[in-house]
Amino acid sequence: MGDVLLEVKNLKKYFKTPRGMLHAVDDVSFTLERGKTLGIVGESGCGKSTTGRTILRLEEPTSGEVFFEGRDITKISKHEMRDLRKEMQLIFQDPFSSLDPRMTVSQAIEEPIKLAGLIKDKNERFRRVLHLMDTVGLAQRLVNTYPHELDGGRRQRIGIARALAMNPKFIVCDEPVSALDVSIQAQILNLMKEIQKEYGLTYIFITHDLSVVNHFSDDIAVMYLGRLIEKAPAERLFEKPMHPYTQALLSAIPVPRIHNRGERILIKGEITSPINPKPVCRFANRCEYCTEVCTSQEPQLIEVEPQHFVACHKVNAEMGQGQ
Amino acid sequence: MADEILQIRDLQIEFVSEGEVTKAVNGVDLTIAEGKTLGLVGETGAGKTTTALSVLNLVPKPQGKILSGEVILDGVNVLEQSEHEMEKIRGNTVSMIFQDPMSALNPVMSVGEQIAEVVKIHEKVDEKAAMERAREMLETVGIPGERAVEYPHQFSGGMKQRVLIAIALACSPKVLLADEPTTALDVTIQAQVLELMKELKRKFNMAMLMITHDFGIVAEVCDEVSVMYAGKIVEHGTLEDVFDHKCHPYTEGLFNSLPDIDNRKSELKPIKGQMPDPTNLPTGCPFHPRCDYCTERCSQEEPPKVQINDTHYVRCWLYENTKESQLKG
């Protein structure tokens, strides 16, 4: 095992709703090594964004532990957390609503440096802003422009510069390219890869776009209705997805080629409600392999081959590790 | 060649607001044969949606101006029709499905009423028969007929898009305009909706204009594809022409920007720069500032249409001498 930066143990985040407890994140555990990227994928409402936000304690976890460099950050005070936030940053999906429309590019990038008191001297701070703009590929002539004058790609570069301003070790990227056109998306993905290499950053990359996550991540975790149902090295997951949901999800990707198109597994129905889920497999009602045990017991996440974890009764039974 | 149900010739549309002129569509030609699907691919601001709206004669007025061109739908130039005539055509000969199913439905009408409304406008039927048809249409798109009395908020995103498809198809149009119909949906739901659209297209023998930015969707549902950039179709051909023998540097750039699902180590090669400002388009070829093969001529003269083969054309100076059968502009 390499140098672990982040370890998440039995993380839960429930929200109270008028109809009952909404299990947004339900007993999620994983580890992430320094300098690596974990992709979290799943469809709307599967809890992937909440997982990212809860790890940063932007949402208080209902229970569970999050170890950042060996320290359980769910136990530390708000004040200590504020200091630690410099090392853990977030890049948002929507570069249109995540920037203050009344701040110029330089003010937006300067703001976090100023608030954290990282650089006191004004001129030095400005030099840092220019350096950051350079790093993320924003031309210096844009220093006094406002967000509305810029396109989505450039705005997302501001978001990245703001995150980098604190010299973080770890960044949660929540759908950072989903709002962008493909030609711009590729520019931003390449930029994020470059800065990861240069600064030794560790990423959690949250997305619904499976071809992007495959390209970008070392490991991929698949979530379904608050549960982590499969996790494996990216290559392995695409080569041999084991959970029936992962198989359907991967086969649903529209592949941009006209020859050798794989057979598609169409899953029936839609995601059920995450409110007060029964302790059974949450995918059971849509699963073609569903058996009695699936509707009576919740499958646990089990390592079925090195580094490949699956939560499925069928897979566990086949691998001779059934309960 | 089968009968052409939709033909757009030399369409030019601009928008004027606050003294600025936005050149949205700059001489588009496209043709769809009966029962065929044409994919219209391009990035934000390429003019895809404006082109589709012209088929319904719904380009916003007075800021939108159609400078030239004709849109022949089933033998009729829709741009010359009165509003009264258009009301008979919309929803009957041609329908449109929009990107965002959340905002395209009326929240205070049951979905059944919304489907029945279309039927009542175009056919002489009473309330009861119209509602019966609404239920049938819901069944056709895979929703139980008894849910006709429910309201949009009681449906999920994928279900709402099915309802919109039911509304669009209620009067069996000859042409369906689909504007990014699955962009707002999750990938497994997208797969369901695409499967449904393919099935219905066969069943109703409809022609379809599929607007998308996703070549994966094009590969799945289209017969031909047009790639649009800055209000112009820069490359057009059959799927095989465009996927296997792509010519235009912009088409090549779009494909190179996509992650390769089978080779995660492959590098993304983005197109440099940004989309041009439509109020201030570059001279010559609109793509030249971003093009790796740009020559001096590209920045001065607009490239003509170069026919690569019977089904495949490209607008690019690189192919000027490819064939003698060069057509004019």
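What counts, and where the lines are drawn
Residues numbered from 1 in each chain as written. Chains lettered and ligands numbered in written order. Predicted model: local features only at pLDDT ≥ 70, side-chain atom pairs only at ≥ 80, totals over all residues. Heavy atoms only, no water. Helix = DSSP H or I, 4+ residues; strand = E, 2+ residues; numbered from the N terminus. Rg over C-alpha atoms; globule rule 2.2 N^0.38 Å. Buried < 20%, exposed > 50% of the residue type's maximum accessible area, 1.4 Å probe, protein only. Contact = heavy atoms within 4.5 Å. Areas by Shrake-Rupley, 256 points an atom, 1.4 Å probe, with all protein chains shown as cover. Pairing = 2+ DSSP bridges. Axes fitted to C-alpha atoms, helices over the stretch in contact; angles between N-to-C directions. Disulfide = S-S within 2.5 Å. Domains from an automatic or database assignment. Buried area = accessible area lost by both parts, 1.4 Å probe. Salt bridge = Lys/Arg side-chain N within 4 Å of Asp/Glu carboxyl O. Polar contact = N/O pair within 3.5 Å; in protein donor to acceptor, adjacent residues only side chain to side chain. Core = buried A, V, L, I, M, F, W, Y, C linked by side-chain atoms within 4.5 Å. Parallel < 35°, antiparallel > 145°, perpendicular 65-115°, else oblique. Left-handed = near helix turned anticlockwise from the far one by under 90°. pLDDT = per-residue confidence, 0-100. Phe/Tyr/Trp six-rings, centres within 6.5 Å; stacked < 30°, edge-to-face > 60°. Lys NZ or Arg CZ within 6 Å of the ring centre and 35° of its normal.

Draft legend 1. Just the overall build of chain B, in detail. When you go through chain B residue by residue, the secondary structure sums to 10 helices and 12 strands. Relative to the globule expectation of 20 Å for 329 residues, the C-alpha radius of gyration of chain B, 21 Å, shows essentially globular dimensions. The dimensions of chain B, computed from C-alpha atoms along their principal axes, are 65 × 50 × 45 Å. With 329 residues in all, chain B has 55% of them scored as buried. Considering only contacts within chain B whose residues lie at least 6 apart along the sequence, 61% involve residues at least 24 apart. Of the roughly 14,400 Å² of accessible surface on chain B, a fraction of 48% belongs to carbon and sulfur atoms.

Draft legend 2. Structural view of the overall build of chain A. Check the secondary structure of chain A and you find 10 helices and 12 strands. Expected size for 323 residues packed as a compact globule is a radius of gyration near 20 Å; at 21 Å, chain A falls within 12% of this value. If one aligns the C-alpha atoms of chain A with their principal axes, the spans along those axes are about 70 × 55 × 45 Å. With 323 residues in all, chain A has 54% of them scored as buried.

Draft legend 3. Representation of the side chain of arginine 155 of chain A within the structure. One can find arginine 155 of chain A in helix H5 (residues 152-164). The class of arginine 155 of chain A is buried, set by a relative accessible area of 11%.

Draft legend 4. Local environment of the sheet that holds strand S11 (residues 305-307) of chain B. Residues and elements named next belong to chain B. Taken in spatial order, the eight strands make up an open sheet running S6-S7-S8-S3-S9-S10-S12-S11, and their pairing is mixed. Two strands lie at the open edges of the sheet, namely strand S6 (94-97) and S11, each paired on one side alone. The mean inter-strand angle of the sheet, taken between neighbouring strand axes irrespective of direction, is 20 degrees. Each of strand S3 (37-41), S6, strand S7 (175-179), strand S8 (207-212) and strand S9 (224-229) touches helix H1 (residues 48-55); the most contacted strand, S8, lies at about 155 degrees to it. Its contacts with the sheet place helix H9 (residues 249-256) against S3, S9 and strand S10 (232-238), and it is angled at close to 100 degrees to S9.

Draft legend 5. Spatial organisation of the state of the cysteines. Residues and elements named next belong to chain B. Tallying each qualifying case throughout the model produces zero disulfides over all chains. Between cysteine 291, a free cysteine, and cysteine 316, which holds the nearest cysteine sulfur, the sulfur-to-sulfur gap is 6.1 Å. A residue is classified by how much of its surface remains accessible, and cysteine 291, at 11% relative accessible area, is buried. Take cysteine 316: its relative accessible area is 8%, and that puts it in the buried class.

Draft legend 6. Just the domain arrangement of chain A, in detail. Residue and element names in this part refer to chain A. One can read the domain layout of chain A as domain 1 (4-87 + 168-318) and domain 2 (101-165). Look at where the C-alpha atoms of domain 1 and domain 2 centre, and you get two points 31 Å apart. Of the roughly 1,100 Å² buried between domain 1 and domain 2 on both sides combined, carbon and sulfur atoms contribute 71%. Taken together, the connections running from domain 1 to domain 2 amount to zero salt bridges. Here domain 1 and domain 2 share two residue pairs in polar contact (both at pLDDT 80 or more) between them.

Draft legend 7. Representation of the nonpolar core within the structure. Met133, Ile160 and Met192 of chain A are the most contacted members of the largest nonpolar core, which totals 68 residues. Top contributing element to this core by residue count: helix H6 (residues 182-199) of chain A, with seven residues. When residues of this core are assigned to domains, at least three map to each of domain 1 (4-87 + 168-318) and domain 2 (101-165) of chain A. The contacts of methionine 133 of chain A, once residues within four sequence positions are left out, are Val105, Ile109, Leu138, Ala139, Gln140, Leu142 and Val143 of chain A. Residues Phe155, Met206, Phe287 and Cys291 of chain B belong to the second largest nonpolar core, which totals 61 residues.

Draft legend 8. Spotlight on the environment of isoleucine 229 of chain A. All names here are of chain A. Within the fold, isoleucine 229 resides in strand S10 (residues 227-233). Classification of isoleucine 229 as buried rests on a relative accessible area of 6%. Measuring from C-alpha to C-alpha, the distance between isoleucine 229 and arginine 282 comes to 9.7 Å, with 53 residues separating the pair along the chain. Setting aside residues up to four positions removed in sequence, isoleucine 229 forms contacts with Val222, Tyr224, His243, Tyr245, Thr246, Leu301, Phe309, Val310 and Ala311.

Draft legend 9. Seen up close, the interface of chain B and chain A. Each partner contributes residues to the interface: chain B has 41 residues there, and chain A has 39 residues. Across the chain B to chain A interface the summed buried area is about 3,500 Å²; carbon plus sulfur atoms make up 55%. On the chain B side of the interface with chain A, the three residues burying the most area are Ile261, Arg264 and Gln274 of chain B, jointly 22% of the side's total. Linking chain B with chain A are two salt bridges.

Draft legend 10. Expanded view of the environment of phenylalanine 67 of chain A. Its place among the elements puts phenylalanine 67 of chain A in strand S4 (residues 63-68). For the pair formed by phenylalanine 67 of chain A and glutamate 305 of chain A, sequence separation is 238 residues and the distance between their alpha carbons is 25 Å.

Draft legend 11. Geometry of unusual backbone geometry. That bond from lysine 61 of chain B to proline 62 of chain B is cis: its omega, 5 degrees, falls within 30 degrees of zero. Turning to its location among the elements, proline 62 of chain B is positioned in the loop between H1 and strand S4 (64-73). Residue asparagine 167 of chain A is not a glycine yet carries a positive backbone phi of 50 degrees. Inspection of the secondary structure puts asparagine 167 of chain A in the loop between H5 and strand S7 (170-174).

Draft legend 12. Seen up close, the sheet that holds strand S5 (residues 76-77) of chain B. Residues and elements named next belong to chain B. Taken together, the four strands give an open sheet; going across it, the order is S2-S1-S4-S5, and neighbouring strands pair in antiparallel fashion. Strands at the two margins of the open sheet, each flanked by one partner only, are strand S2 (20-33) and S5. Pairing between strand S1 (residues 4-17) and S4: eight bridges, direction antiparallel. Residue pairing in the sheet places glutamine 12 in a bridge with serine 68 of S4. Those strands touched by H1 are S1, S2 and S4, and its axis lies near 115 degrees from that of S1.

Draft legend 13. The arrangement of the packing of helix H5 (residues 157-169) of chain B against helix H6 (residues 187-204) of chain B in detail. All names here are of chain B. Look at H5 against H6: their axes get within 10 Å of each other, and the N-to-C directions meet at 15 degrees. In terms of their interaxial angle, H5 and H6 are classed as roughly parallel. At the point where H5 passes H6, the crossing takes the right-handed sense. Counting all contacts with H5, which are made through Gly158, Gln161, Arg162, Ile165 and Leu169, the residues of H6 involved are Ile189, Gln192, Val193, Leu196, Met197, Leu200 and Phe204.

Draft legend 14. Representation of the confidence of the model for chain B. For chain B, the mean per-residue pLDDT works out to 92, and 97% of the residues sit at or above 70. Taken together, the chains of this predicted complex give a pTM of 0.88 and an interface ipTM of 0.84.

Draft legend 15. Quick peek at the packing of aromatic side chains. Applying the stated rule across the entire model yields 12 aromatic pairs over all chains. Ring centres of tyrosine 229 of chain B and tyrosine 250 of chain B lie 4.5 Å apart, and the angle between their planes is 55 degrees; on these two criteria the pair is classed as tilted. Highlighted residues: tyrosine 229 of chain B in strand S9 and tyrosine 250 of chain B in helix H9, separated in sequence by 21 residues. Both residues of the pair, tyrosine 229 of chain B and tyrosine 250 of chain B, belong to the buried class. One aromatic cluster is present, built from ring pairs that chain together Tyr203, Phe205 and Phe216 of chain A. The side chain of lysine 314 of chain A reaches across the aromatic face of tyrosine 289 of chain A, ending 4.1 Å from its centre. Lying across the ring of tryptophan 317 of chain B, arginine 297 of chain B places its NZ or CZ 3.8 Å from the centre.

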